Amino acid sequence: FWELSVEDSAESLSCRYAFSPDGERVFLGVARVRWIEEDGRRRGEWVEAYEALLDARTGEQRWRIEMPSDTRPSTFGKVVFTPDGSELLFVNGDGLQRISAETGEALGVRVSFRGPETTHDVFLSADGSRLLLGDLFGRELRFFSLPTGEHELTVEFGDGGLSGGFMDPAPSADLTRI
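Here, residues in each chain are numbered from 1, in the same order as that chain's written sequence. Residues qualify for local features only when their pLDDT is at least 70, as the model is predicted, and side-chain atom pairs are given and counted only at 80 or more; totals for whole chains, interfaces and linings, by contrast, use all residues. Excluding hydrogens and water, the side-chain values take into account all heavy atoms of the structure.

A. Quick look at the overall build of the protein chain. Each helix corresponds to a stretch of at least 4 residues labelled H or I by DSSP, and each strand to a stretch of at least 2 residues labelled E; elements are numbered beginning at the N terminus. From N to C terminus, the protein chain includes zero helices and 13 strands. For the protein chain, the N- to C-terminal ordering of α and β elements is β-β-β-β-β-β-β-β-β-β-β-β-β. Within the protein chain, residue pairs in contact and separated by at least 24 positions form 38% of the contacts whose partners lie at least 6 positions apart. Carbon and sulfur atoms form 48% of the exposed surface of the protein chain, whose accessible area is close to 9700 Å². Contact definition: two residues touch when any of their heavy atoms are within 4.5 Å. Here, Shrake-Rupley sampling with a 1.4 Å probe gives the accessible areas, and only protein chains in the shown set may cover a residue.

What follows is the structure in structure tokens.
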């Protein structure tokens, strides 16, 4: 997973990348926003937002989905492949969403949860059985069973979070150590 963000006073660009487990495919999510000043207030307007799957060796685009201008694209949260490479998973306000890695088709909610709007990080155990969700501001980590969607544990760090507020957890492959 890599993240690239470029911002100037007129436009912002946010990109998310994720390699498939076999290293043969790359997921690319792009969101470009133009900033407009109106009546002393600044508001964003979508210029472009899409998700695509590329061949990692040739760069050939396997699929591309344009995001509607009124939809917040999944590119703002971390995106990961399942261990078998068949699905892409990302977090949005409804839970952990699923996309077919083959077609880009939305497959629905994998794990439903109500949590902070700032849930950003998603990690899978190497065997795909456990899921870890991390809060952007370091206030909590939530663990789920991926096959059942059952909540297993929440570890809270309080309003201040960790390290002054921002967290980027680095879990072990089996999610037993962070």
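B. Summary view of the packing of aromatic side chains. Under the pairing criterion, centres of Phe, Tyr and Trp rings, with the six-membered ring standing for Trp, must be within 6.5 Å; the plane angle then separates stacked pairs below 30 degrees from edge-to-face pairs above 60, leaving the rest tilted. Taken as a whole and assessed by the stated rule, the structure comprises zero aromatic pairs. Working rule: Lys NZ or Arg CZ, within 6 Å of ring centre, within 35 degrees of ring normal, means a charge sits over the ring. Geometry around Tyr-50 places Arg-64 over its ring, the cationic atom sitting 3.6 Å from the centre.

C. Local environment of the layout of surface pockets. Considered as a void within the structure, the second largest pocket measures approximately 270 Å³ in volume. Grid points spaced at 1 Å over the protein atoms alone were grouped into cavities, where a 1.4 Å probe fits but cannot get out, and pockets, open sets with protein on both sides within 12 Å along at least five of seven lines, with lining residues defined by an atom within 4 Å of a point. Together, 14 residues line the second largest pocket, and Val-80, Phe-81, Val-122, Phe-123 and Leu-124 are the ones closest to its centre. Among the elements of the structure, β2 (11–19), β6 (79–81) and β10 (119–124) are those that each provide at least two residues to the lining of the second largest pocket. Class assignment of the residues belonging to the lining of the second largest pocket gives a composition of eleven nonpolar, two polar and one charged. Grid points are joined across faces, edges and corners, and a volume is the space filled by probe spheres set on the points. Residue classes follow a fixed rule: Ala, Val, Leu, Ile, Met, Phe, Trp, Tyr, Cys and Pro count as nonpolar, while Asp, Glu, Lys and Arg count as charged, and any other residue, Gly among them, counts as polar.

D. Structural view of the side chain of Ser-20. Here Ser-20 is to be found in the loop between β2 and β3 (25–38). Only protein chains enter the calculation, and the probe is 1.4 Å; a residue is then buried if its accessible area is under 20% of its type maximum, exposed if over 50%, and partly exposed in between. For Ser-20, a relative accessible area of 4% translates into the label buried. For Ser-20, the side chain forms a polar contact with the side chain of Asp-22, separated by 2.5 Å. If we ignore the near neighbours within four places in the chain, the residues touching Ser-20 are Arg-25 and Phe-81. The term polar contact refers here to a pair of N or O atoms within 3.5 Å; inside protein, the definition further demands a hydrogen-donor-capable atom paired with an acceptor-capable atom, and it admits residues adjacent in sequence only when both atoms are side-chain atoms.

E. Seen up close, the pattern of salt bridges. Think of a salt bridge as a Lys or Arg side-chain nitrogen and an Asp or Glu carboxyl oxygen that are within 4 Å of each other. Using the criterion set out here, one finds seven salt bridges in the structure. Glu-48 is the partner of Arg-64 in a salt bridge, and the nearest nitrogen-oxygen pair spans 3.5 Å. In this pair, Arg-64 is assigned in strand β5 (residues 61–66) and Glu-48 in strand β4 (residues 41–55), connecting sequence segments 16 residues apart. Among the residues examined, Arg-64 registers a relative accessible area of 34% and is labelled partly exposed. Shared partners join several salt bridges into a network, and the residues in it are Arg-32, Glu-48, Arg-64 and Glu-66.

F. Up close: the environment of Glu-66. Position of Glu-66 among the secondary structure elements: in strand β5. Distance in space between the C-alpha atoms of Glu-66 and Glu-51 is 6.7 Å, their sequence separation being 15 residues. Excluding residues that lie within four positions of it along the chain, Glu-66 makes contacts with Ala-49 and Tyr-50. A distance of 2.5 Å separates a polar atom in the side chain of Glu-66 from a polar atom in the side chain of Arg-64.

None of the figures reported here should be taken as evidence of function without further support.
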